[in-house]
Amino acid sequence: MTMNSQGRPSAPAGGETAAPQTFTGNRALMIEEPLLFEIGQTDNCGVDLPEAPQVKDRLGGLKRKATAGLPALSEPEAMRHYVRLSQKNYAIDSGLYPLGSCTMKHNPRLNEKMARLPGFADVHPLQPASTVQGAIELIDRLADWLKELTGMAAVAMSPKAGAHGELCGMMAIKAALEARGEGGKRTVVLVPESAHGTNPATAALLRYSVKAIPARRDGTVDPASVKELLDETVAGIMLTNPNTCGLFERDIIAIADAVHEAGAYFYCDGANFNAIVGKARPGDLGIDAMHINLHKTFSTPHGGGGPGAGPVVLSEALAPFAPLPIIAMDKSSRPGESLLAFAETAGELAGSAARPFGRLTAFHGQMGMFVRALAYMLSHGSDGMRQASEDAVLNANYVRARLADVMSLPFGNRPCMHEVLFDDTFLKDTGVTTLDFAKAMIDEGYHPMTMYFPLVVHGAMLIEPTESESKASLDLFIATMRDLVMDARAGNTQRFSGAPYHAPRRRLDETRAARAPRLVYTPPEPVGEAAE
Ligand SMILES: *Cc1c(COP(=O)(O)O)cnc(C)c1O
């Protein structure tokens, strides 16, 4: 295959099919897209600028001697480049996106309509509070809903994603321990083996040492193993529920009790809240802090590094340590005016029990995500949200039940929560790996499920269909998966080992891409010089 100067194939995929090569390299309306650097000309300009006036150079010899080498394009060229790239994107708006743990569910268009209302879309964080009362009230209302749904005392709204929420919750725990004078001696955080990587990373960032809790044979955490690890050096536990194997941690209350008895705090990773909204309240389970991924549970769009929002609900014990800003009545408002405002300093909260650990981010959080999440909540109502959770669990169990005879379930054929976890036992002796299987799904028009996570399961395949999918959509997905399994078993390894055949790019060296990313464009050697 011919490669360009960046080591990427310069011809589109599809050589193996009988279709003739095209002159342009395009395949019908799938247009081959080079890098901006490969299309742009450094001496081009997208706008007509007047000739620069001759002025005395005041840069003290720092004037650039060569061009910056940035590609310049006209507006239509730049626009087409990005539109073509966007058309190569797979999205929840294009089809089923069964990426486990990520809850890629439909974002109702009503959310988008609300988020685009000028009063929300054009709001500026430095506007005087008196001009953005509606926006502040919306944040306050959303905060109330989050407290109601979780049964918790307080919520910090500003964290910008789940991982950021973990940091926020663990900083509140750290602050609470320091306030008790135990900050120095409690240096360990317990994290189950099956946890998302952000959990140990968060603990490590706060300079805690991480101790792994082994999983029980059924994929859940045994309170006895937690008790064994608990002592006066433990600051807290970080537990996900439902856990990343798609199973409800049924001993969560016993675990919470043991953690509290040992003087530690209980952080819950709430990324899987979608399975239990309206069914169970984290506040009733003994949790002290939990982030909520609004972009998962409450449907706001995510993926590809898009905006998220990770509010953190806090128990009575941790509530005083919530970070600034905190929404409060504006003390300067005139009688009868009762304005809302953000308390930006601990001083403004004087007289209250608040001892904020500081602030986590500039401003107040992701306004657009707040609007979408509240629109989702209000349009569904409490009964609708409960039904969404029930349907998410039902859909996952439907997939489990219909695939259990051909794929392998590491913890037995028992009901799961909102996602179903398979391992690669069913691929034994086929020569097909989890990765090959996932790549063959791409050829079939499906975004692969989450693979090789959680790590406690060999060759993990974590499928989360979400409640957004219809039965017809699930049936087609299940039929596709069964067809792939049959082909793998029948020894048709070619379908897998070379996959994806039909994607704009074939199999990439993902390890090298992650370990040695090429982030700087190097222009190709001029042909003449290369020959010498
Ligand atoms: C998604 C997820 C996170 C991290 O959330 P982000 O919003 O991506 O930062 C943490 N834990 C689990 C279990 C998750 O699924």
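Residues numbered from 1 in each chain as written. Predicted model: local features only at pLDDT ≥ 70, side-chain atom pairs only at ≥ 80, totals over all residues. Heavy atoms only, no water.

1. Some words on the pairing of strand S2 (residues 188-192)
Among the five residues that make up S2, five are buried, leaving the element largely enclosed by the rest of the structure. The alternating pattern of S2 places Val 188, Leu 190 and Pro 192 and Val 189 and Val 191 on opposite faces, both of which are buried. As paired elements, S2 and strand S3 (residues 209-213) share five bridges and run parallel to each other. Directly across from Pro 192, in S3, lies its bridge partner Ile 213. Following the chain from S2 across helix H7 (residues 198-205) to the adjacent parallel S3, one finds a crossover that is right-handed. (Buried < 20%, exposed > 50% of the residue type's maximum accessible area, 1.4 Å probe, protein only. Helix = DSSP H or I, 4+ residues; strand = E, 2+ residues; numbered from the N terminus. Pairing = 2+ DSSP bridges. Right-handed = clockwise from strand over helix to strand, strands pointing away.)

2. Observations concerning the site of the ligand
Around the ligand, the neighbouring residues are Ser 101, Ala 161, Gly 162, Ala 163, Glu 166, His 196, Thr 198, Asp 269, Ala 271, Asn 293, His 295 and Lys 296. Between the ligand and Ala 163, the relevant distance is 2.8 Å, taken from an oxygen atom to a main-chain nitrogen or oxygen of the residue. Here a nitrogen atom of the ligand sits 2.6 Å away from a polar atom, N or O, in the side chain of Asp 269. Sorting elements by how many residues they give to the shell around the ligand places helix H6 (residues 162-179) first, with three residues. Looking at the shell around the ligand residue by residue, the classes come out as three nonpolar, six polar and three charged. (Near = heavy atom within 4 Å. Polar contact = N/O pair within 3.5 Å; in protein donor to acceptor, adjacent residues only side chain to side chain. Nonpolar A, V, L, I, M, F, W, Y, C, P; charged D, E, K, R; others polar.)

3. Comments concerning empty space enclosed by the protein
Summed over the entire model, instances satisfying the criterion amount to five cavities of 30 Å³ or more. Space inside the largest cavity adds up to approximately 100 Å³. In this structure, the largest cavity is lined by Cys 245, Leu 247, Arg 400, Leu 409, Pro 410, Phe 411, Gly 412, Arg 414, Cys 416, Val 420 and Leu 421. Residue composition of the lining of the largest cavity, grouped by class: eight nonpolar, one polar and two charged. (1 Å grid on protein atoms, 1.4 Å probe; cavity = no way out; pocket = protein on both sides within 12 Å on 5 of 7 lines; lining within 4 Å. Points joined across faces, edges and corners; volume = space filled by probe spheres on them.)

4. What about H6?
Relative to the 26 Å expected for 18 residues at 1.5 Å per residue, H6 spans 26 Å between its end C-alpha atoms, a close match to the ideal helical length. Three or more residues of H6 are buried, namely Gly 162, Gly 165, Glu 166, Leu 167, Cys 168, Gly 169, Met 170, Ala 172, Ile 173, Ala 175, Ala 176 and Leu 177. Remark: Gly 181 follows H6 within two positions and exhibits a positive phi of approximately 75°. (Expected span 1.5 Å × (residues − 1).)

5. Focus: the pattern of salt bridges
Proximity of charged atoms lets side chains of opposite charge pair with each other. Tallied over the full model, the rule gives 26 salt bridges. A salt bridge links Arg 281 to Asp 284, with the nearest nitrogen and oxygen atoms 3.0 Å apart. The salt bridge partner of Arg 495 is Asp 487, with a shortest N-O separation of 2.9 Å. According to the relative accessible area criterion, Arg 495 is buried, its value standing at 16%. What emerges from the salt-bridge pattern is a single network uniting Arg 216, Asp 218, Asp 222, Arg 250 and Asp 251. (Salt bridge = Lys/Arg side-chain N within 4 Å of Asp/Glu carboxyl O.)

6. With respect to the sheet that holds S2
Spatial strand order, S1-S7-S6-S5-S4-S2-S3: seven strands in an open sheet with mixed pairing. Pairing within the sheet leaves two strands with one partner each, and these edge strands are strand S1 (154-156) and S3. Between one strand axis and the next, the sheet turns by 25° as a mean value, whatever way the strands run. Relative to strand S4 (residues 234-240), S2 runs parallel, the two sharing three bridges. (Axes fitted to C-alpha atoms, helices over the stretch in contact; angles between N-to-C directions.)

7. Structural notes on unusual backbone geometry
Note that the residue after Asn 241, namely Pro 242, is joined by a cis bond; omega there is -10°. Considering the arrangement of structural elements, one finds Pro 242 in the loop between S4 and helix H9 (252-261). At Arg 207, a residue that is not glycine, the phi angle is positive and equals roughly 65°. Topologically, Arg 207 is positioned in the loop between H7 and S3. Residue class for Arg 207 comes out exposed when judged on its relative accessible area of 75%. Its identity as a non-glycine residue notwithstanding, Thr 466 has a phi of 70°, on the positive side. Relative to the elements of secondary structure, Thr 466 occurs in the loop between strand S12 (461-463) and helix H13 (471-489).

8. As for the packing of helix H11 (residues 367-403) against H13
The N-to-C vectors of H11 and H13 enclose an angle of 30°; their axes lie 10 Å apart at closest approach. The handedness of the crossing between H11 and H13 comes out as right-handed. Facing H11, whose interface residues are Asn 395, Tyr 398, Val 399, Arg 402 and Leu 403, H13 presents Lys 471, Leu 474, Asp 475, Phe 477, Ile 478, Met 481 and Arg 482. (Left-handed = near helix turned anticlockwise from the far one by under 90°. Contact = heavy atoms within 4.5 Å.)

9. Description of the side chain of Asp 487
By the element assignment, Asp 487 lies in helix H13. Looking at Asp 487, its side chain comes within polar contact range of the side chain of Asn 492, at 2.9 Å. Not counting chain neighbours up to four residues away, the residues in contact with Asp 487 comprise Asn 492, Arg 495 and Phe 496.

10. Brief notes about the nonpolar core
Counting residues in hydrophobic clusters, the biggest one holds 56 residues, and the most contacted among them are Leu 142, Leu 146, Val 226, Phe 266, Leu 294, Phe 298 and Phe 370. If you tally residues by element for this core, the top one is H11, at 11 residues. Both domains that furnish three or more residues to this core are identified here as domain 1 (111-373) and domain 2 (381-505). Among the nonpolar cores identified, the runner-up in size contains 32 residues, and Val 432, Ala 440, Phe 477 and Ala 488 belong to it. (Core = buried A, V, L, I, M, F, W, Y, C linked by side-chain atoms within 4.5 Å. Domains from an automatic or database assignment.)

11. Structural notes on the sheet that holds strand S10 (residues 420-422)
Judged by pairing direction, the sheet is antiparallel, and its three strands sit side by side in the order S10-S12-S11 without closing on themselves. In this open sheet, the two strands that pair with only one neighbour each are S10 and strand S11 (450-451). Against the sheet, H11 engages S10 and S12, with an angle of about 30° to S10.

12. With respect to the domain arrangement of the chain
Partitioning the chain into domains gives domain 1 (111-373) and domain 2 (381-505). When each unit is reduced to the centre of its C-alpha atoms, the spacing between domain 1 and domain 2 is 31 Å. With 24 residues of domain 1 in contact, the opposing surface of domain 2 contributes 21 residues. At the surface where domain 1 touches domain 2, the tally comes to one salt bridge.

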